[in-house]
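# A closer look at the structure
So you can see what is in the structure, the chains are spelled out below.
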Amino acid sequence: MKILSWNIRQGGTNGRYKPISTTLVEYNADVIVLSEFWEGEKGDFIKKQLTEAGYIYQVTHQAPFKVNSVFVASKIACEDITNMDEYAVPYERWTEFYFPESDFTLLGVHIPNHNCKLHDKEVFWEEMNTYAKNNLQKNGLIIGDFNTVLQEDSQDKPLSCTKYLSQLADTGWMDCWRFKHENATEFSYFNTEGKGFRLDDAFITPSLQNKVVSCELSHKEREEKLSDHSILLVELDI
């Protein structure tokens, strides 16, 4: 199973949603998880292009216009199992999918950044780590824009809530990129001062740790300014 995760920056700002859609189709991943997806013209265009490309399973939890949300599209049969009464999170940023054929659960997230005034970042992290503990024994993946890094994944001071990222690893969930790249350094986002951060991440449960075939970042799209984030690509042998 090939999974693509990408923060597309305000739904594909300045008309970039059209080449973004083309890029998504060209990657031909089995599952796509988009952060900063916007409802409206941009979102409708992306949905239509992906539907025509075979991504017939699609979910985004309806957000107001110009509000960042998580959008999941899949070619593989799956169902939205998000329980919107279970956690105190903004559910437009939290989408849980279940793939019955492989008994696999995917949680797509867009954690608020440290400057966000709409949602409480600490509460989001606390709820996500509770989710991680509750689902440790399943075949699961948490993937998306974490907006949080450890010092070794930052060229600047780590962003807020670093302790929660460490706690996630302490529960037994594994950072797929770090697992495959050990002590390497690579960044998926650069701030206005040119400092790099690996904000885009994928954590997997112990039962699937040996099923991680690859976990790579593609910088081409960020360098071409389609978005301010690199694409994260995860392949699992399931």
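Coordinates for the structure precede this section.
All of the points below concern the structure found in this document. Since the model is a prediction, treat every value here as computed from it, not as a measurement.

### A look at the packing of helix α4 (residues 121-134) against helix α5 (residues 162-170)
Packing of α4 against α5 leaves a shortest axis separation of 10 Å and a crossing angle of 0 degrees. By the angle between their directions, the pair α4 and α5 is classed as roughly parallel. Touching Glu 122, Trp 125, Glu 126, Met 128, Asn 129 and Ala 132 of α4 are Tyr 164, Leu 165, Gln 167 and Leu 168, all from α5. When grouped by side-chain class, the residues that make up the contact of α4 with α5 number 6 nonpolar, 2 polar and 2 charged.

### As for the sheet that holds strand β8 (residues 140-145)
On the basis of which strands lie adjacent, the open sheet formed by 6 strands has the order β5-β6-β7-β8-β12-β9 and mixed pairing. Looking at strand neighbours, the two that pair on one side only are β5 (79-80) and β9 (174-175), the edges of this open sheet. Direction of pairing for β9 relative to strand β12 (residues 200-204): antiparallel, over a ladder of 2 bridges. Counted as the bridge partner of Met 174 is Ile 204 from β12.

### Some remarks on the packing of helix α2 (residues 17-27) against helix α3 (residues 41-52)
One way to put it is that α2 packs onto α3 with a least axis distance of 9 Å and a crossing angle of 25 degrees. Our classification of the angle between α2 and α3 gives roughly parallel. Crossing angle aside, the handedness with which α2 passes α3 is right-handed. For the pair α2 and α3, contact is made by Tyr 17, Lys 18, Ser 21, Leu 24 and Val 25 and by Glu 41, Lys 42, Phe 45, Ile 46, Gln 49 and Leu 50, respectively. Split into classes, the residues belonging to the contact of α2 with α3 amount to 6 nonpolar, 2 polar and 3 charged.

### Thoughts on the pattern of salt bridges
Considering all chains together, one arrives at 8 salt bridges under this definition. The residue Lys 48 makes a salt bridge to Glu 52 at a minimum N-O spacing of 2.6 Å. Of this pair, Lys 48 and Glu 52 both sit in helix α3, separated by 4 residues, roughly a single helical turn. Taking relative accessible area as the criterion, Lys 48 reaches 48% and is therefore assigned partly exposed. Under the relative-accessibility criterion, Glu 52 is labelled exposed at 55%. Of the charged contacts, one joins Lys 220 and Glu 224 as a salt bridge, the two residues approaching to 3.3 Å between their closest N and O atoms. Among the charged side chains, a salt-bridge network with shared partners connects Asp 153, Asp 175, Arg 178, Arg 198 and Asp 201.

Thresholds, definitions, all that
- Residues numbered from 1 in each chain as written.
- Predicted model: local features only at pLDDT ≥ 70, side-chain atom pairs only at ≥ 80, totals over all residues.
- Heavy atoms only, no water.
- Axes fitted to C-alpha atoms, helices over the stretch in contact; angles between N-to-C directions.
- Helix = DSSP H or I, 4+ residues; strand = E, 2+ residues; numbered from the N terminus.
- Parallel < 35°, antiparallel > 145°, perpendicular 65-115°, else oblique.
- Contact = heavy atoms within 4.5 Å.
- Nonpolar A, V, L, I, M, F, W, Y, C, P; charged D, E, K, R; others polar.
- Pairing = 2+ DSSP bridges.
- Left-handed = near helix turned anticlockwise from the far one by under 90°.
- Salt bridge = Lys/Arg side-chain N within 4 Å of Asp/Glu carboxyl O.
- Buried < 20%, exposed > 50% of the residue type's maximum accessible area, 1.4 Å probe, protein only.

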